[in-house]
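Close look at the chain arrangement
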Amino acid sequence: LTYGTIDARNPLKRDDDVHKLAEEIFGEICCVATRTVPTTPLTDERMEALKNSPVYPTQEGKKDDDKEEVDGKKTVEFCGPIEMKAILGSDKRKYLLDCTRLTPRDANWISKGNGGTGLLEADAKKHNSIPSALDDDDWVTSVLRPELVSSYAEMKVGKHLSKIIKEDEDLLKGESAATGDDPSADNEAESKAKKLAEKRAKIEKAEKEYIKTLKYNVNVFIPDMRSIEDLDKDAHEQLQKDEEEVRNIARYLFETVLPKVTTAIRISSEHGLMIPLEGGSLTEFIHQYGINCRYLGRLAELAAEEEAKDIADEKVGVNLPRQRMPLCWLEILECEMVARAAKHVLNSYMIEEGVPSAKLLASFLSSVISTDEESASETELRMSKSHHSQGTLSEDDTSALVMMIDGDDDPADQRGRSEIWSDIEREVGRRFRYSLSLYGNTKSNESRGRALYLPLLRRICQRSGIRLVGKRYDLGGKCLIGGSGRLTASYPIAPTDIVDILPLVKHGASVASESFVPCSFSGGLGSLSLHVLLNDVKVIYDAAHTRLSQGVEVPIALEYLNETAALCQRVLETTVHPQIQKCLKLTATAYANSKDLDLALVAAEKCLTVSVALNGFDSSEAYNAHLAMSDIFFAQGKIVEGMKHYRAVLFLAEAMAGPNYSHAALYFNIGRQYVEAGRHEDALRFYEVATKKRNQDRVIDGVIARHYALALVRLERFKEAFDCEKNTFSLYSALYGEDHDRTKESAKYMKHFMTLAIQQGKLQQQKDKDTAKSSAADAIAKQLLAAEDARAAKKNKKANKRRTK
């Protein structure tokens, strides 16, 4: 041992060479500060408790020479987490171990009495399901993300440089006013260039010097840490400054980053930002901003506030904002929170039961994806309507369920839907400091209508390793929980629907958005997303990405991408890897931008194949691959082929994120393709669906209504087109006012459609009159013919009588 300590009861060791190495690695690269700490970092109370701890081996067998003297008054400079240690291996190499964290604890998840910000404790007063205190051992490991620390540091550097630039500008203005302008133009240009060069050099030097000061103490707010106040006053003052800086980072996250993400989602359609499709892409999305998943509750609160603002604005109906909060954002957030909380609740049930039974899993899942429990009469009616009995299990079925536990002590017999949801709501309140608004026991019909039961079932199975039989389940209805006595199958998920439950293994080297993967003892499953430790791959891929983003040297970028994929395949011996999938995606984009659509289609097809093999057909990667292929087919003029992939996009969007995610623009684009193909009736159907969808951008609503009206005009349904354009006019009037160009243009369309409708009406009236006249003449002619026929028949009758006589 050369650095730190293996046994917490022993003092910290420090080797100068290892300390210098730690400062180079953690201090320079990871912005970890070197701070003075006690050689015995734990308090006397904690040290006393560790003496009898079974975790640590006893020191009674050690010789006196081997025992280390514990002195609580000594200090040592340390760089890195306090639990980190370094050893000198038998190969004479130095190894750093237990580097569990390289960022400080999150001060938002520390009670205010212990030095936290107190921003989250205010939520406890609003809802009963949220704990009043943050004194939970689970939050000790809650640290800030590196992305957040980097963002905060960049913000501080920007402010510092802005201050320096402003001071220099003020100084130059003062010097110019004092000395006056140089009459020579050459001297003036030379002077400006010299001053500009000096200014740039000064800014670069100031930036480098300031960055060196941006280092953070990762050992703040650690419980049971010995106070350094009596040992080193300067170190204690520095510790207080470090704690305040960590609180500032936590406030920056809560007060700046989280509202910034909410605003970005609100205006996402304006800037081309894609809203996360499901839980995996949601996790990856917020991690890019440095946000941990424990802040999903706060993001949901901000989303609900934005939705309330939209409702208030629509009630006023004047000067409406262009962008609206997408409803799918709150739905995805709550779905992910419920799935994560349900995993922990189900885990506690399985620990309590001892053996994970199929009955427990089926009862739990049935409760989660339902709105209420069936009564006895409803169960009997459902069973009578079914083609085969699903209410009871036969002896063979019961014996086939090897994980089944039957008896009065089965916890599944004692828990109903209400209790299960109460536990989930309590777990959501504890882990996310949030009270559910779309799921749970007592929710309105409107809220229940927005609950995503299919995405929730999919996500719970992913997070818990549960495999179900593939069939149609009755989601969002009433459930039946298996009762005691004779074994009764739960509904809509029966115990026989549980195929397997697999343990999930977290790979620390995974590059996928989901680091937990199912583990199979047969060896058939494993992580296909392990990190490829090839620096050349990263360098070449980044170079290709940079060139394509700038739109320069596209052929060179394509060569780089091919080389990156080839290097990965040499290491992996397979094409199923996220890095290769990224290369194929970027290659398809490059070919498409170069108008080489055939090669773009080949690359897109390979990207779709790898995405499905890697993440399944129901993944955000497969969604993006289908979308890319549809765009390429449409660009080639192959409407039918492109429509197949676009329909797959619609299906995946609604299956993974609910009906509110498949926004109007998707249906609108399909309608436009049908218009280009001359299939106006089919285009009209998609335009009609698009007008009923709630779109994020109100201007797009007007565009869709305009195209819908034009489609109606092509079918000569002018009256309906006028009514549709009237909605467009009302929308533009509320957005821009009656004097705006778009509003005036809509008024012209309205007038034109009204003229066409009037002309069509007049023509129809004339046709109706002509038809009426023609009908009257035909009726008179028929009457005359009938009278003539009657007279002729009468004459014939008389003639027949005469002949008879």
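Before any of the text, the structure's been laid out above.
In this numbering scheme, every chain counts its residues from 1 along its sequence in written order. The predicted origin of the model limits local features to residues at a pLDDT of at least 70 and limits the giving and counting of side-chain atom pairs to 80 or more, whereas totals for whole chains, interfaces and linings rest on all residues. Water and hydrogen atoms play no part in the side-chain values, which are based on all heavy atoms of the structure.

Details of the overall build of the protein chain
- To qualify as a helix, a DSSP run of H or I must reach at least 4 residues; to qualify as a strand, a run of E must reach at least 2; elements of each kind are numbered from the N terminus. Per the secondary structure count, the protein chain includes 27 helices and 10 strands.
- For each residue, the accessible area found with a 1.4 Å probe, counting protein chains only, is set against the maximum for its type, and the residue is called buried under 20%, exposed over 50%, and partly exposed in between. Residue burial in the protein chain is summarised as follows: out of 805 residues, 44% are buried.
- Look at the contacts in the protein chain between residues 6 or more apart in sequence, and 71% of them connect residues 24 or more apart.
- Roughly 43,700 Å² of accessible area belongs to the protein chain as shown, and the carbon and sulfur atoms make up 51% of that amount. The contact criterion used throughout is that any non-hydrogen atoms of two residues lie within 4.5 Å. Accessible surface is estimated by sampling points in the Shrake-Rupley manner with a 1.4 Å probe; for residues, cover comes only from the protein chains shown.

Thoughts on the packing of helix 9 (residues 327-353) against helix 14 (residues 417-432)
- Running from N to C, helix 9 and helix 14 point in directions that differ by 115 degrees, and their axes come no closer than 9 Å. In this structure, the crossing between helix 9 and helix 14 has a hand that is right-handed. Each of Met337, Val338, Arg340, Ala341, Ala342, His344, Val345 and Tyr349 in helix 9 lies in contact with helix 14, whose residues at this interface are Glu419, Ile420, Trp421, Asp423, Ile424, Glu427, Val428, Arg431 and Phe432.
- For this scheme, ten residues count as nonpolar: Ala, Val, Leu, Ile, Met, Phe, Trp, Tyr, Cys and Pro. Four count as charged, namely Asp, Glu, Lys and Arg, and the remainder, Gly too, count as polar. When its residues are assigned to classes, the contact of helix 9 with helix 14 shows 11 nonpolar, one polar and five charged. A fitted line through C-alpha atoms serves as each axis, taken over the contacting stretch for helices, and the angle formed by two N-to-C directions is quoted from 0 to 180°. Crossings are assigned a handedness: left-handed for a near helix turned anticlockwise from the far helix by less than a right angle, right-handed for a clockwise turn.

Some details on the state of the cysteines
- Any two cysteine sulfur atoms within 2.5 Å of one another count as a disulfide. Scanning all chains against the criterion turns up zero disulfides.
- Free of any disulfide, Cys583 has its nearest cysteine sulfur in Cys568, 5.9 Å distant.

With respect to the environment of Cys335
- Mapped onto the secondary structure, Cys335 falls in helix 9.
- Residues Cys335 and Ala657 lie 322 residues apart in sequence; the distance between their C-alpha atoms is 9.2 Å.
- Ignoring anything within four residues of it in the chain, the contact list for Cys335 reads Tyr439, Leu452, Pro455 and Leu456.

Here's the deal with a nonpolar patch on the surface
- Residues enter patches when their relative accessible area tops 30% and they take part in no salt bridge; the joining distance is 9 Å for like charges and 5 Å for the nonpolar side chains Val, Leu, Ile, Met, Phe, Trp and Tyr. Here a salt bridge means any side-chain nitrogen of Lys or Arg lying within 4 Å of a carboxyl oxygen belonging to Asp or Glu. Among the surface-exposed residues, Val612, Phe617 and Phe651 lie close enough to one another that they form a single nonpolar patch of about 310 Å² accessible area.
- Tracing the backbone through its elements, the reader meets Val612 in helix 20 (residues 597-615).

With respect to the nonpolar core
- Nonpolar cores are built from buried Ala, Val, Leu, Ile, Met, Phe, Trp, Tyr and Cys residues. Side-chain atoms within 4.5 Å join them into one set. Counting residues in hydrophobic clusters, the biggest one holds 120 residues, and the most contacted among them are Trp329, Phe364, Ile424, Tyr439 and Tyr661.
- In contact with Ile424, not counting residues within four places along its chain, are Val338, Ala341, Ala342, Val345, Phe364 and Val368.
- In terms of nonpolar packing, the next biggest core, distinct from the first, is built from 23 residues, Ala544, Leu586, Met629 and Phe633 among them.

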